Amino acid sequence: MVNVPSSIDDTIPLAEVEDVELYHPHSWWTTYVFSQDAKVIAVQYSVTALSIGLVALVLSWLMRIQLGFPGYFAFIDAERYYQFITMHGMIMVIYLLTALFLGGFGNYLIPLMLGARDMVFPYANMLSYWLYLLAVLVLVAGFFAPGGPTGAGWTLYPPQAVLSGTPGGKDWGIILMLISLILFIIGFTMGGLNYVVTVLQGRARGMTLMRMPLTIWGIFTATVMALLAFPALFVASVMMLFDRVLGTSFFMPAIVEMGEQLQHGGGSPILFQHLFWFFGHPEVYIVALPAFGIVSDLISTHARKNIFGYRMMVWAIVIIGALSFVVWAHHMYVSGMNPNFGFFFATTTLIIAVPTAIKVYNWVLTLWRGDIHLTLPMLFALGFIVTFVNGGLTGLFLGNVVVDVPLSDTMFVVAHFHMVMGVAPIMVIFGAIYHWYPKITGRMMDETMGRIHFWVTFLGAYLIFFPMHYLGLLGVPRRYYELGETAFIPASAHSLNEFITIVALIVGAAQMLFLFNLIWSLRRGKEAGGNPWRATTLEWQTPTTPPPHGNWGKELPVVYRWAYDYSVPGAAEDFIPQNQPNPDRLSMENRS
Amino acid sequence: MSAILIFMAGLAVIISWWMAHQRLTSKPWLEVGTASDTPGFDVSSIETAKIGLGVFLAVVGALFTLFISAYFMRMGLADWWAIPLPGLLWVNTGVLLVSSIALQWTKIRAQQDQIEAVRAGLLVSFVTAAGFLVGQVFAWRELVDAGYFLADNPANSFFYMITGMHGLHILGGLVALSRTSLKVWEGASAKKVRLSVELCAMYWHFMLLVWLILFALFAGWANDFVDICRQLLT
């Protein structure tokens, strides 16, 4: 028998916590709209994020049509093209990925996986969603404001972001963008406090930190990072808003616009870049760490095997989180910097490959000789691993100063970025939705539609982004509205662009199938039962499915083991839930 | 960016210290509990609300440190003329200090269950904190009257922006404080409001600390620190 301390009291100081007093809604409004229940908030976050993501998807279609078939639609002029780029990037990175991983999955999974009744500050949690919704509405308002949304690129670099040459620069576009970001950050901070403190204080009996599923570790670490990184974007946004509205010169150098000397002078655009990327690089991992965590759980569950190297996985998550704060300037190689700095940031950037590679090895070793079920979540998890490795490898190219400088302004960066931060996390989001949908709704999503969705998305993403690396190596620049007749770009590059566009349209259409499946399965999906995947974690052990307000009925669960007891030799089933104790030692001894 | 890196390093030390106490080297796959021994909660005995406020203060700290980082970087450029500090700021600092001390005193009284003293203490700290805000507005007006406008010079812009941001945080604190006071006036016992008062006190001390750092920054006492940082980086 394993070595268990005779009583856990010997090792862990006891803290007695009373069962929390739950907020009880009284009306339809407070149950479903202004709800303080984390599960309802999670669904609200997810639906809002997916809806605004749909807008970003349509924008990417329009951009691809312009790149593949320049001038096909007359309404896509250069200004609109830049507006589409900007809004697509901003929506995808912040309003979809961040909001869905932390606001959506965080809210749903943290209380359930930890055996809590709800988040620790439910009221702030509710406010968090409504501020997020407000931020999205302000963002969307940009489309209807005079001059349209900002076209400054998702990085919003000054001085161009607030000049008349950039769409929305002298109109409402940039102002609405900055206000929306500020609102988002305030809202996120309220939610983020909840996620962190619930992990710290809301855990059930026996749920030590090292018994938490890796999903929670990923979301927890990412939230801590987001809480510390978003203030940088907040500061940058406030200062740029001052520059734009009040005429200060934080970022604005002396500049002549349309033959007219502007009031600004002496400001530093580089200062903005530092602030932006101090947020911007951790942001990559704010999205990636929850994905890492979720994918670990998907692989372990659907390969019926315990995760390989759990402790390493936890440490790697924490180390990646810490390192990601000291690499930001690798986004600024082309802005020029002291060569020593370049060396420092290239080194730290490449060091991140170590803990990341450990994670990839551990995923592969978990799969090794596992009982792999090619369910939908597993397919997407596998899709994630290959895509992430691909995107990570090109990251090694771009992390080096000398390689980055010539590649920086080409499609290579677009391809790298979409592989590693676009396709890879989206794969996890899909896998996670297929995985947890039965718990949220009580029904399975349709398998056939799901498989079509996976194969079109997975193969399509490769058909889109692999050729894009090649275009980048040819020197095809990014951010260009149209290439025209350029000597160094062969005709074949144009045909490749047409090909990419057609595939992109098809992949986009496959997402409509996914959305259809999401709605169709609500009513028509197979009944799932409480634990369709035969998983060990607590959210699958709720007394009823979908879990009611308060999650656990009368008794809170008690945790006796870690989250990965799959295929334990000698056990009756191939999984043992976290809340199932071992038989008492006395009876064990009698048996042997 | 050296200021924020130092701040982050400090946080990293705190987080590492905390993590060192979390048995992160344990082997969870070997530690299965049996039905007869019910495990305890593995959470801190500090009140959850205090931990929540602590995390929030770390975020606020990061926010102000980033403003300070930006201040240092912008300061190094050629067009910077430091702004003269109105003498009124000394008075404001004193008033905020009194406010903080008053809340600390209130906190001790609340722990000793003396509701009358709590009532008086809350009133004093509310009035002084509100007085600080009014004083800040007068300091702004003094500067504007003397011709130091927001957009004239980055030093001015930073001064108005950062003091404004600090003022907004004090304003948010006043909302929390008035909610606590309301509870007391509606007849809540000292026991009931003890935690709220403690949270307010914690927030007040933190905002006082932030203000003292900002004051030193605007007065130019931090310049030596900046020079050291700059030398470290070159």
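Anything mentioned here points back to the structure above.
Keep in mind the model is a prediction, meaning the values are calculated, not measured.

A. Representation of the packing of helix α11 (residues 376-399) of chain A against helix α14 (residues 447-474) of chain A. Residue and element names in this part refer to chain A. Packing of α11 against α14 brings their axes to within 10 Å, and their N-to-C directions diverge by 10°. The angle between α11 and α14 falls in the class roughly parallel. Taking contact as the criterion, the partners of Leu-376, Leu-379, Phe-380, Gly-383, Thr-387 and Thr-394 in α11 are, on α14, Glu-447, Gly-450, Phe-454, Phe-458, Ala-461 and His-469. Of the residues contributing to the contact of α11 with α14, the split by class is six nonpolar, five polar and one charged.

B. Local environment of the interface of chain A and chain B. The partner chain B presents 47 residues to the 62 residues of chain A that form the contact. Every element with two or more residues in the side of chain A that touches chain B is listed here: α5 (173-201), α6 (214-246), α7 (269-302) and α8 (310-323) of chain A. It is α6 of chain A that provides the largest number of residues to the side of chain A that touches chain B, a total of nine residues. The residue inventory of the side of chain A that touches chain B, partitioned by class, reads 39 nonpolar, 15 polar and eight charged.

C. Layout of unusual backbone geometry. Residue and element names in this part refer to chain A. Backbone torsion omega between Pro-158 and Pro-159 reads 0°, so that peptide bond is classified as cis. Within the fold, Pro-159 resides in the loop between α4 (122-144) and α5. At the junction of Thr-545 and Pro-546, the peptide bond is cis and its omega measures out at -10° in the coordinates. The residue Pro-546 is located in the loop between α15 (491-524) and α16 (585-591) in this model. Even without being a glycine, Arg-479 presents a positive backbone phi close to 70°.

D. Summary view of the packing of helix α3 (residues 78-114) of chain A against helix α13 (residues 411-441) of chain A. Residues and elements named next belong to chain A. Relative to each other, α3 and α13 sit at 30°, their axes nearing to 12 Å. Taken together, the axes of α3 and α13 lie roughly parallel to each other. The two elements α3 and α13 meet at a crossing, and its hand is left-handed. Contact residues: Met-92, Leu-97, Leu-100, Phe-105 and Tyr-108 in α3; Gly-422, Pro-425, Ile-429, Ala-432, Trp-436 and Ile-440 in α13.

E. Examining the nonpolar core more closely. Counting 242 residues, the largest nonpolar core has Val-196, Ile-216, Val-235, Leu-275, Val-295 and Phe-380 of chain A as the members making the most contacts within it. Of all the elements, α3 of chain A adds the most residues to this core, at 24 residues.

Conventions we followed
- Residues numbered from 1 in each chain as written.
- Chains lettered and ligands numbered in written order.
- Predicted model: local features only at pLDDT ≥ 70, side-chain atom pairs only at ≥ 80, totals over all residues.
- Axes fitted to C-alpha atoms, helices over the stretch in contact; angles between N-to-C directions.
- Helix = DSSP H or I, 4+ residues; strand = E, 2+ residues; numbered from the N terminus.
- Parallel < 35°, antiparallel > 145°, perpendicular 65-115°, else oblique.
- Contact = placed C-beta atoms within 7 Å.
- Nonpolar A, V, L, I, M, F, W, Y, C, P; charged D, E, K, R; others polar.
- Left-handed = near helix turned anticlockwise from the far one by under 90°.
- Core = buried A, V, L, I, M, F, W, Y, C linked by C-beta atoms within 7 Å.
- Buried ≥ 20, exposed ≤ 12 C-beta atoms within 10 Å, placed from the backbone.

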